[in-house]
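Residue strings, one per chain:
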Amino acid sequence: MKLNLQISGVLAAGLLLAACQEEEPNHTVQYFLDNPSERKEMLAKCEVTDDAISDAICLNANAAALSVAREERRQRQKDAVQSLYGDGS
């Protein structure tokens, strides 16, 4: 009986500690677009997370990274066209 009380106490303490853990805020895609260092850090965390494919914060960080890459590629293409044909004036 005393052992059951001790086990129950340990389990209750464990549940309380687990409930007190701070969750990562769910930042938006715009947040990650505006904060490149945070985006890079989150992408590194998501890379080693098992369920990152379904984690909203990982999806938002990835969407922001894809958006930045797309914009950089568009700018490189624009620069290449301008170097070949001039600015069109």
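Worth saying up front: this structure is predicted, and the values here are computed from it rather than measured.

Caption draft 1: Spatial organisation of the overall build of the protein chain. Within the protein chain one finds four helices and zero strands. By residue count, 12% of the 89 residues in the protein chain fall in the buried class. The contacts of the protein chain with a sequence gap of at least 6 include a subset with a gap of at least 24, amounting to 55%. Here the protein chain has roughly 7400 Å² of accessible surface; of this, 57% comes from carbon and sulfur atoms.

Caption draft 2: Up close: helix α3 (residues 36-47). Along its 12 residues, α3 runs 16 Å from first to last C-alpha, staying within 8% of the 16 Å computed at 1.5 Å per residue. For α3, the set of buried residues is Arg39, Met42 and Cys46. One side of α3 carries all its buried residues, which in axial view fall inside an arc of 70°. Opposite the buried face of α3, at more than 90 degrees from it, the exposed residues are Ser37, Lys40 and Glu47.

Caption draft 3: Geometry of the environment of Asn35. Along the chain, the position of Asn35 falls in the loop between α2 (29-34) and α3. By relative accessible area, which is 25% here, Asn35 ends up partly exposed. It is 9.9 Å that separates the C-alpha atoms of Asn35 and Ala64, two residues lying 29 residues apart in sequence.

Caption draft 4: Up close: the packing of α3 against helix α4 (residues 56-85). Relative orientation of the contacting elements α3 and α4 amounts to 125°, with a least axis distance of 9 Å. With respect to their mutual orientation, α3 and α4 come out oblique. In this structure, α3 meets α4 at a crossing whose hand is left-handed. Each of Arg39, Met42, Leu43 and Cys46 in α3 lies in contact with α4, whose residues at this interface are Ile57, Cys58, Ala61, Asn62, Ala64, Ala65 and Val68.

Caption draft 5: Structural detail: the environment of Ser67. Tracing the backbone shows Ser67 in helix α4. In this structure Ser67 comes out as partly exposed when scored by relative accessible area, which is 26%. Residues Ser67 and Leu33 lie 34 residues apart in sequence; the distance between their C-alpha atoms is 8.2 Å.

Rules of the game
Residues numbered from 1 in each chain as written. Predicted model: local features only at pLDDT ≥ 70, side-chain atom pairs only at ≥ 80, totals over all residues. Heavy atoms only, no water. Helix = DSSP H or I, 4+ residues; strand = E, 2+ residues; numbered from the N terminus. Buried < 20%, exposed > 50% of the residue type's maximum accessible area, 1.4 Å probe, protein only. Contact = heavy atoms within 4.5 Å. Areas by Shrake-Rupley, 256 points an atom, 1.4 Å probe, with all protein chains shown as cover. Expected span 1.5 Å × (residues − 1). Arc of directions from axis to C-beta. Axes fitted to C-alpha atoms, helices over the stretch in contact; angles between N-to-C directions. Parallel < 35°, antiparallel > 145°, perpendicular 65-115°, else oblique. Left-handed = near helix turned anticlockwise from the far one by under 90°.

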